[in-house]
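Residue strings, one per chain:
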Amino acid sequence: MENKPKKTPCCTALLAHVDAGKTTLSEALLYVSGARRTLGRVDHRDAYLDTHNLERARGITIFSKQATLETAHRDVTLVDTPGHVDFSAEAERVLSILDCAVLVISGTDGIQAHTLTLWRLLERYQVPAFLFINKMDLPGPEKEALMTQLTQQLSAGCVDFSLPAEEIAEAAAMCDEALLENYLETGEVTQGNLRGLIAKRKLFPCCFGSALKLQGVEELLDILDAYGPEKDYPEEFAAKVYKISRDPLGNRLTWLKVTGGTLKVRSLLSYTGKKGELQEEKLVQLRRYSGEKYTSPETVGAGALIAVTGLSQTWIGQGLGAEENTQAPSLEPVMTYRVALPKGADPAVVWPKLQLLEEEDPQLHLIQAAGQIHVQIMGKVQLEIFRALVQQRFDLDITLEDQRIFYKETIANTVEGVGHFEPLRHYAECHLLLEPLPQGSGLVFDSVCSTDVLDLQYQKLIISHLSEKVHRGVLTGAPITDMKITLLVGKAHLKHTEGGDFRQATYRAVRQGLMQAKSVLLEPWYDFILTCPTDQIGRAITDIRAMGGEFEAPEANGSISTLQGSVPAAEVKDYAETLAAYTQGRGRLQLSLRGYAPCHNQEEVVASLGYDPEADIENTPDSVFCAHGAGFNVKWNEVKDYMHLESGLKEEKAPQIITRNISRADERELEKIMEREFGSIKRPLYQTKSENRPATEEITIRQMKQKYIIVDGYNIIFSWSDLAELARGDIDAARRKLCDELSSFAGFTKCRLVVVFDGWKQKGNPGEKSQFHNIQVVYTKEGETADAYIEALAAEIGNNYAVRVASSDSLVQISSFRSGVLRMSARELMEEMETARKEMGRHFQK
């Protein structure tokens, strides 16, 4: 007996706006291909893929289902998705695992608002698409008019594949320049050419027919068989999780597509769980479903859609093996409701039950706050389905109350946010750059911090803390979006930094940046298509304008006019019912989620919600510092004056190309400052003499970055316990010991060091500047404090040298901040010197 050639696996889904006949087409495809012997119907409540009692009761698809069929060359897994706009997220989740899709359009209705939403999703996920224009047996536009609509509103690559082969070849050649040149030379377009164009989303075959009467169904199957994409899968195991559900016995099912290698039953699978922990679990069973029935293969290969049992911590969008995680869905709920529980129900008991539904549909977005449960819903139909599911699964009769629009926030300008967390024996500081991004970008995290400044492990920790939390805006407490958050600089302590310290510093830095920024409130907007009698279009325009909507000029087609535009979701409410009422049922409003855009009445919404960002303790913008052995809180608008690191936004001056005379007076300006303070400066051997230079020359002057440390002498002495004890008996001995230790430190680290002692109270003191081995020692004159001298010196040389000021005096630290130089405490100087001492010991041992 000869072995049959192995067929190519092909995963395709049916997508459509509601009532386009999508489920009817799935029944026709199964029947015509021979996968089913009978033809089910939605109105008879015996459709093969609408298996849930809620689906059969309402006559709509709520949950995505799959069935299997075969064509001449392909083993097809057909996925039927919901068509109602409230369940768009369910349809979107399937797109990441598709090889191709069939977009079903009603020939009587033409392109609808939700059709455009689905088309954008197909483009986003780069899914090759075939079009089936259904209900062509009913009165409506002719094929030519529909093709014009398709090419104008969807793509010029839409081509009627019922045309003669020569005309299809000519139309396809127009979709690609290279193919057009070849076609003009040879007059040929091969089947491989057509398949390649379809795979690249340059060509979209269109098929016309009636699924109910089985017209055009066989032609669609032939087109899928001939032109469906052919993929090469890697040998290494990989899979994508696209759905989580439970069977009638309560077994948890993980639905996935194998995108590489093979998957065997009872094999161990290692993956990262929902909470970030590593899981290793055995696959108990593989199930290949077709409708409600399934087979249990021992092994499945790449390209297969399979449900597995035994995995307890998988999540929708997860990549397994070599597969990467799927991008976050673009469709989100726009309404939030409070879940009102029946009398006697304990929220703590109900919460984990509802989380099972959220696991199966992450777009529900359950929130628990102040002992109450809130849920995000797309619309009324999903609301009713959610209530029914809770009743069926958990025997709970809940109601959803307190409807609110789900707002988001972003920023309009770039700011630096800083956060510091330093209670006793803890330490972390980070500086973040917050930048606005285009609408729909979401949140992007990055780091430009050098590993010389902060270890890579701490940088990764900060990025993980940025992504782990829903950060709240400062206008209404809504989640932030559409911005890039970049780690600029950060600081940890060798001994005192613990795991949660950077979490606190990161959260506070984000919040502190938002408090400074110009925040923008975002609200969901719908794209709409409104049709009504022409003599009533005036009222419709007035209503849309009153809602704050935007629209194009209406188009009249006989007695019916069409108005297209966008409108805030908060204002639509029950307008579809209102429209139907004043048009005696002849008006129709179609809505599809456009996304988030600036709120049309931001001031009114912010005032009505009354959110106080400084009173939100869980999202505080303030920082914590340590002084005298205890932590103290610093308000967000004062925190920058206390930071231990300079601003990450401080720009280094670029090298300047200048033309000047031989005098070089400006070149010596900085040298005079240093000579005035510390005496003459020795010239490096490589410097050329001025007489060898031409009278005029072009020289690149680079900013000098020699390291300088300015030490507040007496502050360090009385901050170090051994020196403070010595100073009580002999202050001169304490000064000498400090200078000895600083001299050794400067010699080993090759930095220039100035130690300043305060002499402002000594009458007649003229001040003194001297050299102690390799460091400069300064005694200030009468009436001049060390603080003032350090501030003046730091300001004078800070722009041209890498200057740090060592002092635990808060006034000195603040003055250093004003001068734009780095600060270090007495404790940090001691730790740095101790590290250098150990390195010197190792060096001498070698």
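Residues numbered from 1 in each chain as written. Predicted model: local features only at pLDDT ≥ 70, side-chain atom pairs only at ≥ 80, totals over all residues. Heavy atoms only, no water.

Trainee: So what exactly am I meant to see when it comes to helix 10 (residues 347–360) here?
Mentor: Three- or four-residue spacings in an α-helix give side chains the same orientation, since the helix completes a turn every 3.6 residues. The first and last C-alpha atoms of helix 10 sit 20 Å apart over 14 residues, in line with the 20 Å expected at 1.5 Å per residue. When helix 10 is considered as a whole, its buried residues turn out to be Val350, Trp351, Leu354, Leu357, Glu358, Glu359 and Glu360. In this structure, the buried side of helix 10 is in contact with helix 3 (88–95), strand 8 (238–246), strand 9 (252–260), strand 19 (367–369), strand 20 (372–377) and helix 11 (380–394). Put simply, aspartate 346 is the residue that caps the front of helix 10, since its side-chain oxygen is 3.1 Å from the backbone nitrogen of alanine 348. (Helix = DSSP H or I, 4+ residues; strand = E, 2+ residues; numbered from the N terminus. Expected span 1.5 Å × (residues − 1). Buried < 20%, exposed > 50% of the residue type's maximum accessible area, 1.4 Å probe, protein only. Contact = heavy atoms within 4.5 Å. Polar contact = N/O pair within 3.5 Å; in protein donor to acceptor, adjacent residues only side chain to side chain.)

Trainee: What exactly am I supposed to notice about the nonpolar core here?
Mentor: Generally speaking, nonpolar side chains in soluble globular proteins are found buried as a group. Residues Val375, Phe386, Val390, Leu400, Tyr407, Leu530 and Tyr575 are the most contacted members of the largest nonpolar core, which totals 46 residues. Among the elements that make up this core, the one with the highest residue count is strand 27 (residues 519–533) (five residues). The contact partners of leucine 400, leaving out residues within four places of it in the chain, are Tyr337, Arg338, Val339, Val375, Leu383, Phe386 and Arg387. Residues Leu49, Ala67, Val76 and Ala172 belong to the second largest nonpolar core, which totals 41 residues. (Core = buried A, V, L, I, M, F, W, Y, C linked by side-chain atoms within 4.5 Å.)

Trainee: How do you make sense of the sheet that holds strand 16 (residues 305–309) when you look at a structure like this?
Mentor: Sheet strands line up and pair through hydrogen bonds in the backbone, either parallel or antiparallel. Taken in spatial order, the six strands line up as 14-13-16-9-8-17 in an open sheet, and their pairing is antiparallel. For this open sheet the edge positions go to strand 14 (293–295) and strand 17 (319–321), each flanked by a neighbour on one side alone. The sheet shows a mean angle of 40° between the axes of neighbouring strands, direction not considered. In the packing of helix 10 onto the sheet, contacts are made with strand 8 and strand 9, and the angle to strand 8 comes to roughly 140°. (Pairing = 2+ DSSP bridges. Axes fitted to C-alpha atoms, helices over the stretch in contact; angles between N-to-C directions.)

Trainee: Looking at this model, I keep getting lost on the packing of helix 12 (residues 456–468) against helix 13 (residues 501–516). Mind explaining?
Mentor: Pairs of packed helices are described in terms of their axes, by the angle between the two and the distance that separates them. Put simply, helix 12 and helix 13 touch, their axes get as near as 9 Å, and they point 55° apart. The orientation of helix 12 with respect to helix 13, classified from their angle, is oblique. Judged by the sense of rotation from one axis to the other, the crossing of helix 12 with helix 13 is right-handed. Along the contact surface, helix 12 presents Tyr458, Leu461, Ile462, His465, Leu466 and Glu468, while helix 13 presents Phe502, Arg503, Thr506, Tyr507 and Val510. A per-class count over the contact of helix 12 with helix 13 returns seven nonpolar, two polar and two charged. (Parallel < 35°, antiparallel > 145°, perpendicular 65-115°, else oblique. Left-handed = near helix turned anticlockwise from the far one by under 90°. Nonpolar A, V, L, I, M, F, W, Y, C, P; charged D, E, K, R; others polar.)

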